[in-house]
Amino acid sequence: MDKTKKLWMFLFTSLMAIFLLAGCNSQSSGSGDEGSDSGTKGKGDKIVVGFSQIGAESGWRTAETDSIKKTLGDDPQFELKFSDAQQKQENQIKALRSFIAQKVDLIALAPVVESGWETVLKEAKDAGIPVILLDRGIDVKDESLYTSFIGSDFITEGENAAKELINLMGEDSKVNIVELQGTVGASAANDRMGGFANVIKENPNYKIIKSQTGDFTRSKGKEVMEAFLKSDGDNIDAVYAHNDDMALGAIQAIEEYGLKPGEDIKVVSVDGIKDIFKAVIAGKANIIVECNPLLGPQLAQAAKDLQAGKEIERWIKTDEDVFVGKEKAEEALPSRQY
């Protein structure tokens, strides 16, 4: 009888131990699954944004990056995943695939060139991840591959640059222009070139005698301007640069050539960084067509609207201005954020 009682007690104790272990393992597994899900989709209810930036080729580009990092970084509703492509499309495609694998809520893409995006954007669409383009457009047959574009009207920027140059130098003046293009294949370069040419070709006194890429960088802008001066130094009346950094490089080249930028050769550029305002104030440049890089607030609002199930505009335009001459530059410089 005692042996029977001991056997029952042993069986009861063993069963209790099994149940307790099963309960502990179940709690541990539940905790681990929650951590895994959080690591894949973000922390809590945060909106996870993957941002693929072209690089840091200019002060304008750096200002855009800082605006997005600060706006999303300071907002507890967001988690930002950032990738610098160093001016290479293959790096951007790799970054986008990484964002897709991480199941981000939104992809923000500043595309280095217009073409070659269909495959990776289809992958994002199939994964149910909306894509917002920043500051540069793309050329795709299926425009549903991206949700919205936040940025400027580059054609209008080019047109404004040409109009203000003609206003400055006079319709009846004979003017030879050299052009510093942006990165080959970039929408900003294509459209700023096209818009400028649209206006210039209407006035037979104005001619673009040289046009070459300076890749949106100060060093390359200087190098190309040096080549222009070497071949046509006595015939150049104005330089049109697709961004300020190339214009600043051209200013250096003009000075080293022995001419006065802003006087002997008029300087027109697009963007509106502080350094070009200082150059206009110093009399070394003449016309600034603004292109606003502070896109962080607009991106954040678009992301919140999408997360809430709202429709957003197909093109969210930025507010911009044109500044001509020393007085306008002096008025604007104190309030410049980039």
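Rules behind the numbers
Residues numbered from 1 in each chain as written. Predicted model: local features only at pLDDT ≥ 70, side-chain atom pairs only at ≥ 80, totals over all residues. Heavy atoms only, no water. Helix = DSSP H or I, 4+ residues; strand = E, 2+ residues; numbered from the N terminus. Buried < 20%, exposed > 50% of the residue type's maximum accessible area, 1.4 Å probe, protein only. Contact = heavy atoms within 4.5 Å. Areas by Shrake-Rupley, 256 points an atom, 1.4 Å probe, with all protein chains shown as cover. Phe/Tyr/Trp six-rings, centres within 6.5 Å; stacked < 30°, edge-to-face > 60°. Lys NZ or Arg CZ within 6 Å of the ring centre and 35° of its normal. Pairing = 2+ DSSP bridges. Axes fitted to C-alpha atoms, helices over the stretch in contact; angles between N-to-C directions. Core = buried A, V, L, I, M, F, W, Y, C linked by side-chain atoms within 4.5 Å. Parallel < 35°, antiparallel > 145°, perpendicular 65-115°, else oblique. Left-handed = near helix turned anticlockwise from the far one by under 90°. Nonpolar A, V, L, I, M, F, W, Y, C, P; charged D, E, K, R; others polar. Lys, Arg positive; Asp, Glu negative; His and termini not counted. Salt bridge = Lys/Arg side-chain N within 4 Å of Asp/Glu carboxyl O. Expected span 1.5 Å × (residues − 1).

Caption draft 1: Inspection of the overall build of the protein at higher detail. Helix and strand content of the protein: eleven helices and twelve strands. In the protein, which comprises 338 residues, the share counted as buried stands at 46%. Considering only contacts within the protein whose residues lie at least 6 apart along the sequence, 74% involve residues at least 24 apart. Taken as a whole, the protein presents about 16,800 Å² of accessible surface, with 50% of it coming from carbon and sulfur.

Caption draft 2: Fine view of the packing of aromatic side chains. In this structure the tally under the stated criterion is four aromatic pairs. Between F196 and Y240 the ring centres are 3.9 Å apart and the planes differ by 15°, which places this aromatic pair in the stacked class. Of the two residues, F196 sits in helix 6 (residues 187–200) while Y240 sits in strand 8 (residues 238–241), which places them 44 residues apart along the sequence. Looking at Y240, the relative accessible area reads 0%, which means it is buried. Lying over the aromatic face of F82, K69 brings its terminal NZ or CZ to 4.2 Å of the ring centre. The ring of W315 is capped by K317, whose NZ or CZ atom sits 4.4 Å from the centre of that ring.

Caption draft 3: Quick look at unusual backbone geometry. For D215, which is not a glycine, the phi torsion comes out positive at approximately 60°. Given the relative accessible area of 33%, D215 is considered partly exposed.

Caption draft 4: Molecular detail of the sheet that holds strand 5 (residues 148–151). Strands sit in the order 2-1-3-4-5-11 across an open sheet of six strands; the sheet is parallel. Only two strands of the sheet have a single neighbouring strand rather than two, namely strand 2 (78–84) and strand 11 (315–317). Across the sheet, the axes of successive neighbouring strands diverge by a mean angle of 20°, strand direction being ignored. Sheet topology places strand 3 (residues 106–109) next to strand 4 (residues 131–134); three bridges connect them, and they run parallel. Residue pairing for strand 4: L109 is matched across the bridge by L133.

Caption draft 5: Summary view of the nonpolar core. Grouped together as the largest cluster of nonpolar side chains are 53 residues, with contacts concentrated most on L165, I177, L180, F196, M225, V239 and I276. Among the elements that make up this core, the one with the highest residue count is helix 8 (residues 244–257) (seven residues). Setting aside residues up to four positions removed in sequence, L165 forms contacts with I177, F196, Y206, A238, K266, V268 and I287. Ranked by size, the runner-up nonpolar core spans 22 residues in total, among them F51, A110, V113 and L299.

Caption draft 6: The packing of helix 7 (residues 218–232) against helix 8, seen in detail. At a minimum axis separation of 7 Å, helix 7 and helix 8 run at an interaxial angle of 40°. Accordingly, the angle class assigned to the pair helix 7 and helix 8 is oblique. The handedness of the crossing between helix 7 and helix 8 comes out as right-handed. Of helix 8, the residues touching helix 7 (which contributes R218, G221, K222, M225, E226 and L229) are D245, M246, L248, G249, A250, Q252, A253, I254, E256 and Y257. For the contact of helix 7 with helix 8, the residue count by class is eight nonpolar, three polar and five charged.

Caption draft 7: Local environment of the sheet that holds strand 9 (residues 266–271). Spatially, six strands are ordered 7-6-8-9-10-12 in an open sheet, and the strand pairing comes out mixed. Looking along the sheet, the strands with just one partner apiece sit at the ends: strand 7 (206–213) and strand 12 (322–324). Each adjacent strand pair in this sheet contributes to an overall mean axis angle of 15°, direction not counted. Relative to the sheet, helix 5 (residues 154–169) contacts strand 6 (175–181), strand 7, strand 8, strand 9, strand 10 (287–290) and strand 12, its axis offset from that of strand 10 by approximately 160°. Helix 8 rests against strand 6, strand 8 and strand 9 of the sheet, and its axis sits at about 160° to strand 9.

Caption draft 8: Representation of the side chain of D305 in the model. Looking at the element boundaries, D305 is found in helix 10 (residues 296–307). One buried charged residue, D305, remains without a salt bridge, the closest side chain of opposite sign being K310 at 4.1 Å. Residues within four places of D305 in sequence aside, it is in contact with K310 and I312.

Caption draft 9: Layout of helix 10. In this model helix 10 runs 16 Å from its N-terminal to its C-terminal C-alpha over twelve residues, within 8% of the 16 Å that 1.5 Å per residue would give. Residues of helix 10 that are buried include every one of G296, L299, A300, A302, A303 and D305, and no others. G309 sits one or two positions beyond helix 10 and adopts a positive phi of about 85°.

Caption draft 10: Molecular detail of the pattern of salt bridges. Under the criterion given, the structure shown has 22 salt bridges. Measuring nitrogen to oxygen at the nearest pair gives 3.7 Å for the salt bridge that ties D142 to K125. Linking D142 in the loop between strand 4 and strand 5 with K125 in helix 4 (residues 118–126), this pair joins segments that are 17 residues apart in sequence. For D142, a relative accessible area of 31% gives the class partly exposed. Linking R336 and E290 is a salt bridge whose minimum nitrogen-to-oxygen distance equals 3.0 Å. Taken together, the residues span a long stretch of sequence, with R336 in the segment after helix 11 (325–332) and E290 in strand 10 at a distance of 46 residues. Residue class for R336 comes out buried when judged on its relative accessible area of 11%. Exposure remark for E290: the relative accessible area of 10% places this residue in the buried category. Counted as one network, the salt bridges with shared partners bring together E57, R61, E64, D135 and R136.

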